[in-house]
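# Overview (structure and organization)
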Number of protein chains: 4
Amino acid sequence: MNNNKTNNTNNNTNDSSNIKNTGCAGGKDVVVLAYSGGLDTSCILVWLIEQGYDVIAYVANIGQKDSFEELKFKALKLGAKKVIIDDVREKFLEDYVWYSIQSGALYEDRYHMGTSLARPCIAKGLLDAADVEGASHISHGATGKGNDQVRFELSAYSLKPDIKVIAPWRIEEFLERFNGRTDLFEYARQHSIPLPVTPKSPWSIDANLFHVSYEGGILEDPEVESPSDIFLLTKHPSAAPDQPCRLEITFLKGVPVKVKNVSTSEERESSLKLYEYINEMAMAHGVGRIDIVENRYIGMKSRGIYETPAGTVLYQAHLDLELLTLDREVRKIKRHLAAMFAEQVYQGYWHSPEAEYVRSCIRKSQDDVTGQVTVDLYKGQVYIIKRHSSRTLYNKELVSMDAKGDYDPQDAGGFIKIQALRLKEYRRQHSTTSATNK
Amino acid sequence: MNNNKTNNTNNNTNDSSNIKNTGCAGGKDVVVLAYSGGLDTSCILVWLIEQGYDVIAYVANIGQKDSFEELKFKALKLGAKKVIIDDVREKFLEDYVWYSIQSGALYEDRYHMGTSLARPCIAKGLLDAADVEGASHISHGATGKGNDQVRFELSAYSLKPDIKVIAPWRIEEFLERFNGRTDLFEYARQHSIPLPVTPKSPWSIDANLFHVSYEGGILEDPEVESPSDIFLLTKHPSAAPDQPCRLEITFLKGVPVKVKNVSTSEERESSLKLYEYINEMAMAHGVGRIDIVENRYIGMKSRGIYETPAGTVLYQAHLDLELLTLDREVRKIKRHLAAMFAEQVYQGYWHSPEAEYVRSCIRKSQDDVTGQVTVDLYKGQVYIIKRHSSRTLYNKELVSMDAKGDYDPQDAGGFIKIQALRLKEYRRQHSTTSATNK
Amino acid sequence: MNNNKTNNTNNNTNDSSNIKNTGCAGGKDVVVLAYSGGLDTSCILVWLIEQGYDVIAYVANIGQKDSFEELKFKALKLGAKKVIIDDVREKFLEDYVWYSIQSGALYEDRYHMGTSLARPCIAKGLLDAADVEGASHISHGATGKGNDQVRFELSAYSLKPDIKVIAPWRIEEFLERFNGRTDLFEYARQHSIPLPVTPKSPWSIDANLFHVSYEGGILEDPEVESPSDIFLLTKHPSAAPDQPCRLEITFLKGVPVKVKNVSTSEERESSLKLYEYINEMAMAHGVGRIDIVENRYIGMKSRGIYETPAGTVLYQAHLDLELLTLDREVRKIKRHLAAMFAEQVYQGYWHSPEAEYVRSCIRKSQDDVTGQVTVDLYKGQVYIIKRHSSRTLYNKELVSMDAKGDYDPQDAGGFIKIQALRLKEYRRQHSTTSATNK
Amino acid sequence: MNNNKTNNTNNNTNDSSNIKNTGCAGGKDVVVLAYSGGLDTSCILVWLIEQGYDVIAYVANIGQKDSFEELKFKALKLGAKKVIIDDVREKFLEDYVWYSIQSGALYEDRYHMGTSLARPCIAKGLLDAADVEGASHISHGATGKGNDQVRFELSAYSLKPDIKVIAPWRIEEFLERFNGRTDLFEYARQHSIPLPVTPKSPWSIDANLFHVSYEGGILEDPEVESPSDIFLLTKHPSAAPDQPCRLEITFLKGVPVKVKNVSTSEERESSLKLYEYINEMAMAHGVGRIDIVENRYIGMKSRGIYETPAGTVLYQAHLDLELLTLDREVRKIKRHLAAMFAEQVYQGYWHSPEAEYVRSCIRKSQDDVTGQVTVDLYKGQVYIIKRHSSRTLYNKELVSMDAKGDYDPQDAGGFIKIQALRLKEYRRQHSTTSATNK
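What you see is a predicted model, and the numbers here were worked out from it, not measured in a lab.

## A closer look at the relation of the copies chain D and chain A
With an RMSD of 0.0 Å, chain D superimposes on chain A once it is rotated by 180° and translated 0.0 Å along the axis. Each copy turns onto its partner about a two-fold axis. Among all C-alpha atoms of chain D, that of D:Phe415 lies closest to the rotation axis, at 1.8 Å. Interface residue correspondence from chain D to chain A reaches 100%, placing this contact among same-surface, isologous pairings.

## Quick look at the domain arrangement of chain A
Many descriptions give the size of an interface as the accessible area lost when the pieces come together. All names here are of chain A. One can read the domain layout of chain A as domain 1 (9–207) and domain 2 (221–388). Counting residues at the interface gives 37 residues for domain 1, matched by 46 residues for domain 2. Of the roughly 3900 Å² buried at the junction of domain 1 and domain 2 (both faces included), carbon and sulfur atoms supply 68%. Here domain 1 and domain 2 share 1 salt bridge between them. Two residues, Glu-276 and Arg-89, come together in a salt bridge whose shortest N-O distance is 3.9 Å. The interface formed by domain 1 and domain 2 holds 15 residue pairs in polar contact (both at pLDDT 80 or more) in total. Mapped by element, the contributors of at least two residues to the side of domain 1 that touches domain 2 are α4 (89–103), α5 (114–133) and α6 (148–159).

## Examining the confidence of the model for chain A
Residues and elements named next belong to chain A. The share of residues in chain A with pLDDT of 70 or more is 92%, and the mean pLDDT across the chain is 92. Counted against residues more than four places away or in other chains, residues 1–17, with its pLDDT under 50, gives 52 contacts. Within the model, the stretch residues 433–438 combines pLDDT values under 50 with 7 contacts to residues more than four positions away or in other chains.

## Side note on the relation of the copies chain C and chain D
Of the transformation superimposing chain C on chain D, the axial component is 0.0 Å and the angular component is 180°, with the fit at an RMSD of 0.0 Å. A shared binding surface is used by both copies, with 100% of the interface residues of chain C retained as interface residues in chain D.

## A few points about the packing of aromatic side chains
Aromatic ring pairs: the centre-centre distance and the angle between the two ring planes describe each pair. All names here are of chain D. Using the criterion set out here, one finds 62 aromatic pairs over all chains in the structure. Aromatic pair Tyr-107 and Tyr-346: ring centres 3.6 Å apart, planes at 5°, arrangement stacked. Of this pair, Tyr-107 sits in the loop between α4 (89–103) and α5 (114–133) while Tyr-346 is found in helix α11 (residues 328–347), placing the two residues 239 residues apart along the sequence. We classify Tyr-107 as buried; its relative accessible area is 5%. Take Tyr-346: its relative accessible area is 0%, and that puts it in the buried class. Taking the ring centre of Tyr-99 as reference, the NZ or CZ of Arg-359 above it sits at 5.3 Å. Directly above the ring of Tyr-99 sits Arg-363, whose terminal nitrogen or CZ lies 3.9 Å from the centroid.

## A closer look at the environment of B:Ser100
Residues and elements named next belong to chain B. Along the polypeptide, Ser-100 turns up in helix α4 (residues 89–103). According to the relative accessible area criterion, Ser-100 is buried, its value standing at 5%. Excluding residues that lie within four positions of it along the chain, Ser-100 makes contacts with Ala-105, His-112, Met-113, Leu-117 and Phe-341.

## Some points on unusual backbone geometry
Phi at C:Lys253 takes a positive value of approximately 50°, unusual for a residue other than glycine. Within the element layout of this structure, C:Lys253 appears in the loop between β8 (245–252) and β9 (255–261). A positive phi angle, close to 70°, is found at D:Asp109, a residue other than glycine. Assignment of secondary structure puts D:Asp109 in the loop between α4 and α5.

## Examining the pattern of salt bridges
Residues and elements named next belong to chain A. Taken as a whole and assessed by the stated rule, the structure comprises 152 salt bridges over all chains. Asp-291 is the salt-bridge partner of Arg-303, the closest N and O atoms lying 2.9 Å from each other. Of this pair, Arg-303 sits in strand β12 (residues 301–307) while Asp-291 sits in strand β11 (residues 289–295); the two residues are 12 residues apart in sequence, bridging distant segments of the chain. In terms of burial, Arg-303 and Asp-291 fall into one category: buried.

## With respect to the side chain of C:Lys74
Residues and elements named next belong to chain C. Within the secondary structure, Lys-74 is located in helix α3 (residues 68–77). The buried charged residue Lys-74 lacks any salt bridge partner; its closest oppositely charged side chain belongs to Glu-70, at an N-O distance of 8.0 Å. Here the side chain of Lys-74 touches Gly-37 through a polar contact of 2.6 Å, landing on its backbone oxygen. Lys-74 has contacts with Tyr-35, Gly-37, Ser-42 and Pro-194, leaving out every residue within four places of it along the chain.

## A few points about helix α11 (residues 328–347) of chain B
Residues and elements named next belong to chain B. Over its 20 residues, α11 extends 29 Å from the first C-alpha to the last, a length consistent with the 28 Å expected when each residue adds 1.5 Å. The buried count for α11 comes to 16 of 20 residues, which makes it a mostly enclosed element. Sitting at the head of α11, Asp-327 places a side-chain oxygen 2.9 Å from the backbone nitrogen of Glu-329. Downstream of α11 by a residue or two, Gly-348 has a phi angle that is positive, lying close to 95°.

## Section: the interface of chain D and chain A
Listed per partner, the contact involves 30 residues of chain D and 30 residues of chain A. Summing both sides of the interface, chain D and chain A together bury roughly 2800 Å²; the carbon and sulfur share of this comes to 52%. Area buried by chain D at its contact with chain A is led by D:Arg391, D:Ile418 and D:Arg422, which between them contribute 20% of it. Along the contact surface separating chain D from chain A lie 6 salt bridges. Notably, a salt bridge pairs A:Asp406 with D:Lys424, separated by 3.8 Å at the nearest N-O pair. Elements represented by at least two residues in the side of chain D that touches chain A include exactly α11 and α14 (409–435) of chain D. Sort the elements by how many residues they give to the side of chain D that touches chain A and α14(D) lands first, with 16 residues. Looking at the side of chain D that touches chain A residue by residue, the class counts come to 8 nonpolar, 9 polar and 13 charged.

## Section: the UniProt feature "domain: Arginosuccinate synthase C-terminal" (unreviewed entry) in chain A
Per the UniProt entry, the sites bearing "domain: Arginosuccinate synthase C-terminal" (unreviewed entry) are residues 203–426 of chain A in this numbering. As a span, residues 203–426 of chain A carries 38% helix and 25% strand, and end to end its C-alpha atoms are 57 Å apart.

## Let's talk about the interface of chain C and chain D
Taken together, the contact between chain C and chain D spans 103 residues of the former and 103 residues of the latter. Summing the contributions of chain C and of chain D, the shared interface buries around 9800 Å²; its carbon and sulfur component is 54%. Contact with chain D buries surface across chain C, with C:Lys301, C:Arg328 and C:Tyr394 losing the most and accounting together for 8% of the total. Applying the counting criterion to the chain C and chain D interface returns 18 salt bridges. The salt bridge partner of D:Asp221 is C:Lys396, with a shortest N-O separation of 3.2 Å. Scanning the region where chain C abuts chain D turns up 57 residue pairs in polar contact (both at pLDDT 80 or more).

## Description of the state of the cysteines
As enumerated under the stated definition, the model contains 0 disulfides over all chains in all. We note that A:Cys361 lacks a disulfide partner, and the nearest cysteine sulfur, in C:Cys361, lies 3.2 Å from it. On the accessibility criterion, A:Cys361 (1% relative accessible area) is buried.

## So, the sheet that holds strand β4 (residues 137–139) of chain A
Sheets are built from strands paired through backbone hydrogen bonds, the pairs being either parallel or antiparallel. Residues and elements named next belong to chain A. Taking strand neighbours across the sheet as the criterion, the 5 strands line up as β3-β2-β1-β4-β5 in an open arrangement whose pairing is parallel. Looking at strand neighbours, the two that pair on one side only are β3 (82–87) and β5 (164–166), the edges of this open sheet. When strand polarity is set aside, the average angle formed by the axes of neighbouring strands in this sheet is 25°. Bridging between strand β1 (residues 30–34) and β4 involves 3 bridges; their strand directions are parallel. Bridge pairing links Val-31 to His-137 in β4. Against the sheet, α5 makes contact with β1, β2 (54–61), β3 and β4, and its axis sits at roughly 145° relative to β2, the strand it touches most.

## Quick word on the UniProt feature "domain: Arginosuccinate synthase-like N-terminal" (unreviewed entry) in chain A
Sequence positions flagged by UniProt for "domain: Arginosuccinate synthase-like N-terminal" (unreviewed entry) are, in local numbering, residues 31–194 of chain A. The span residues 31–194 of chain A shows a helical share of 52% and a strand share of 15%, and its end C-alpha atoms are spaced 22 Å apart.

Cut-offs applied
- Residues numbered from 1 in each chain as written.
- Chains lettered and ligands numbered in written order.
- Predicted model: local features only at pLDDT ≥ 70, side-chain atom pairs only at ≥ 80, totals over all residues.
- Heavy atoms only, no water.
- Least-squares fit on C-alpha atoms with pLDDT ≥ 70 in both.
- Contact = heavy atoms within 4.5 Å.
- Domains from an automatic or database assignment.
- Buried area = accessible area lost by both parts, 1.4 Å probe.
- Salt bridge = Lys/Arg side-chain N within 4 Å of Asp/Glu carboxyl O.
- Polar contact = N/O pair within 3.5 Å; in protein donor to acceptor, adjacent residues only side chain to side chain.
- Helix = DSSP H or I, 4+ residues; strand = E, 2+ residues; numbered from the N terminus.
- pLDDT = per-residue confidence, 0-100.
- Phe/Tyr/Trp six-rings, centres within 6.5 Å; stacked < 30°, edge-to-face > 60°.
- Buried < 20%, exposed > 50% of the residue type's maximum accessible area, 1.4 Å probe, protein only.
- Lys NZ or Arg CZ within 6 Å of the ring centre and 35° of its normal.
- Lys, Arg positive; Asp, Glu negative; His and termini not counted.
- Expected span 1.5 Å × (residues − 1).
- Nonpolar A, V, L, I, M, F, W, Y, C, P; charged D, E, K, R; others polar.
- UniProt positions renumbered as here; feature names shortened; annotations may be inferred.
- Disulfide = S-S within 2.5 Å.
- Pairing = 2+ DSSP bridges.
- Axes fitted to C-alpha atoms, helices over the stretch in contact; angles between N-to-C directions.

Okay, here's the thing in structure tokens:
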């Protein structure tokens, strides 16, 4: 092992060259690794130790279905100095997902951004761990072609500008050693890394409380239909119940605070409980599946298949309540900010100044988005049934075809005439000029 | 009858006061009335004759299910000098609906604007008729609280700045005479206007090729669930077939040019035929129902229930193809223009300079939106299955997790570092200042 | 006098028909009139009394150069029940102008909106007076073709939805009586209204602390050069001193809090004092003159000539500080909001929900806009000399051509390569397809 | 010399590692170098030859004041296989600057983007030369911290996706060799590269037809006033004539086509001639100087001092004509596109699909921007005097305070009432709720 630690100590900006570490005076450098328990991050864990680091494995429980005790045991066995299991599920909902619901934002008009929202939440936990543990480095297993590397690292640099990031899938030495899955398997065997018992699915999966995504492998061809049994959460709509499920969802300032199953009168109130209940119902009724082509931040198009059960329901319900309670022009401005929010989230800028700014503006817009929306979930679809709000701007008397309300129809004549003024001027000019000098 | 025609001849800007007409030198003024055959416009027709006008009834066949021969007979019997039945169905599709599909625009994120798109199309026919017939006036039966009066009249003034508009539902004299439906019935009886044989539904309906809308009456309360049998076009999803219908839709520059039923191999190609075929399939599968609260242009909120069967399918399919074929940044700009398009259409500005400008920009963006999208229609929902384009920007090799393509993962490291530069500067400044003088 | 008060009590929406007033039970209705002391509002005052109202004259001291004691005496003599002289200069600066400086907004890229900002401030005072005095009506002398009627009345309805507005210049009866200035003079003579001692300038003037505007009359032709001696505040640049005036302006969160004359070491700190000092210097140096064509809200184009001395200086200085202290992306978002702010202000929506929302977002953006900017005023121009901020995001070492800073130039290579990815894909597709099937 | 050509032939994406070249089969690889004649690019020229390349020097005459014959002689003497002197001045104006004038765009509200506009024009010439010469590589002398590297290379990859770029100031080997100006001088002496006869100014200069920029060195501190004699083009305003220069500029579809000096009756018509004439006048009158802090694309703030004489005049004149001839709403949309244009140009995306799209939309908006604007240039400032257009939308009769025109003031009452509708609803809801459950 060489003794050159220039790259790590002097050159903050270089994340991809000589990676060998001999630590700081009197000890090794500490790296906190975002650990999933899978083959990739297990190999990275061992490899980092080989490079001379003390490795702390950080596992965020963000709602994925894992046995966290097993993960802990596994990481320790592989040589981790410490394993942190961090239950961030409530934080994820309250500090990330709720903002997304308030924003009503979809990336490129379709994607609820389930993965994008999780990354800055995990990164926050990772960086907090690095702080607590006095680690100078973090590491992750995200690939070099994806969005997640960007999301992790922009979060990291935003939160802790002097953090050092080890991204093995971008390091030449690592890439040469692990040139394909065979190499990973071989390395795992050599280092007693347990191999996955089930065969890897022919695509990549990312799961959290909010969604599951399916990408890569046989899904990479957007011209090929995806397997019908791909989804882990939602039932196929054809297997969903023949009776709709009717939910009444209560929002306070744009955030869901209660759900009531109208048929069964069941109610849930705390963030996690109400969320999981809506998710359960939405999964049973096949709600929230999409198959899309999207634009990655790094400039390539990819195909993703996503299921976002509760997210889809909450998006629809929130949108409906917003139209009832927000002034038209306020919502229009907020909608524009939401488009920025979507791009910021997708591209990894959650912890940036501009995203903090946009979120504060969006939150401000939600002061009146309070009330109940009733929805039916049925065979993959969400139907808005009715809505109620003490802060409604809907005035039944004013809009009624049968009542006058505080309204003089003659005003509309003046309104139209004034709006038409510039249209008439334009046409007059253009019929004149078109006849002559065009 | 007085002989004062000052209001009509000298005062172009006054559409709402003294309405009595004695015509121009040697004859009566001619008014072209947008005639639907219903009780309201029948009464208006007779009333306009009473005011001293020669009335020409203009009926646009825009896909509503009417007997146009009966309408013609009825209008003539009521005293119309002439009846024009104008089949605008293809124009409506090609010059209005196709633009909307290309734009991918929804008003307030939900409404396909089926009524909004029809109005400027009908207004164009109406104004063309006025030109041909040498009429100085047009009239319509739109209410004084709605969007349609604005759409009709802004179109009218845009197309023919010196046109005079008679909007009876904003004229005090007319409103005093027809203060409720009883007065209309009474007037109809007096003037041999045939009364509707079927009882009026407890809400108002507007139908065309693209959609049917339901508003007013018992629907005015947004807190009350709408009747389940309200929809005229679409089957209830629960009554839809248990087998999905798979369609392959071909677009050329963002416009649908062909549909193929993958199961039956049926194909349709001309605008009207392919549209009606998609509509038929979508109706059978319960696609396109919404129940929303929206913001009218004149500033009140209203509740509308809409069904837009083929429009919903085409919106989804077009969106999918756009993501495959358009550069990310081009689409982002186009999407912004589409938000303007939606507002322009909804608010009645179709024939304005800004809408013409935005449409030309949107059309320009569609040069590459060519290819096929395969969709399943099932129980009220549209599922994207796959897509293909000779102009795809999707590069399978580039995005592949298993191939390198023309891509060096180390570039992503530099990309992230540069993007992080200002984030780090911001944090450094803000951790400094927050500790001291904040 | 008739006893019919239907129009005033029952019909809140009709502001333009029968205006005769007999007051409420046991007394006359009270109207608060925005009174300027000029011929127009003096005639309106008397005319309102003739119509049966008790009139309270409200005069806002918003920085125009008037003798407010004379105005008071005059109004009382004309029959006003009461005269309110309201010094709103500080409110105008702190609650209106400072927002405008923070926003950095110009209407249509040029106009500092001196009149637009004053109207909602005056309207607020007027409505507060109506509240205090228990008045059911307000009145103003704005013309029927201008923006000010809109600004006054949208403010009024926003602040007090049930207020009744009397806008004489839109009332047929008033217009018939006062058909031209001769009628006003005649009426003035009949009612002992003092006639202006100086001949009216051949254009219309509006003055306040922030600006003076010149419109109408001989200025209505945009093809004719305006008189060189039109300006009341600023010296002609050619008559300005040959030595520049150097000011150091200190901002706190985007608001000017101090000005120092670098040559003389004079300092001013409170809002009004610092503002007036900058104004004085800017006037002496001929700063802030423009001659523009603008789009009125009601749809016509008009030509306006404006001088905004201190406003022009503060706009430039604030912009400079913003670029030093705000993150690029935050400023970009804020700039977009500022464009909305400009439109809202110009069009009279200051007291609307959307304007309140936008202002709160803009204010939020200014948290770091703190520091000093040094400017030279010279012959009509403002030159930025230098700037300083404790919250600067400018990093001399980072940007230096001679230092490395925390920067690896190789990162820029990766950055460029990744940004080029989609550009290359696009070109490849387009060189392929252009050769074949275009 | 080694024989390893892997880096150049196999690895298209790597621009910064092993640079040694042994050429293609039977010969050396050819690189076209953007050559300025200065010390840096002269050293690079020689260094590239040392690395084994055949070097073609490309010099764009874009209006900088150089002796192109001397440059040619010098480059050949240093070993260039060929020197291309490319007069792109007219192309620069007509294909780049005119678009900028039409757009009315300023980067961050101040910068006319003189350097940004030149880069894609030079890059186009460079890539065309590479095509003609069959060169596989290009090279440039832009630094690793600036915008120009991005502009050159994004242009290059957009125009020719398989081009290879050598950016010496990002190559470690080069940076180690040339670590400071002393090394450059030493290298120059060793290789008979003529040293600059005049001492280098303590800042960096970039000049073209449109502007001169001053950056770096002693200007890097934004808190220090810049030297008063820094500007090469413009006279100091205090040295400018005491008489203004009055120009009448004629635009056709947003592009200047003629300038007339009103005092002297001199006229110029072709692009280059009229541009140079306006430039000459503007320089004489000290027009177009700014001192700003701006945000570089790579994320750092820098201070730049610029002079853009004719550009400043044309910006103001075009803006004035646009307000006269464009519909308000069209201009508003176009203005939004112009903000995108500014960012695209500044950040180097001229040849991207989105910039091509935006330019086509902006150009479309200019169909009516035809007419004359008269301006005075005086002591550093541009004053708009008057304007005329056959396509004006200004209607003197309509706007006149003394004429009625086709306008009924009562319409304005209806307009205001309708616009106030939602404002009143909002206030009613909010005064209700604020009293109770807020």
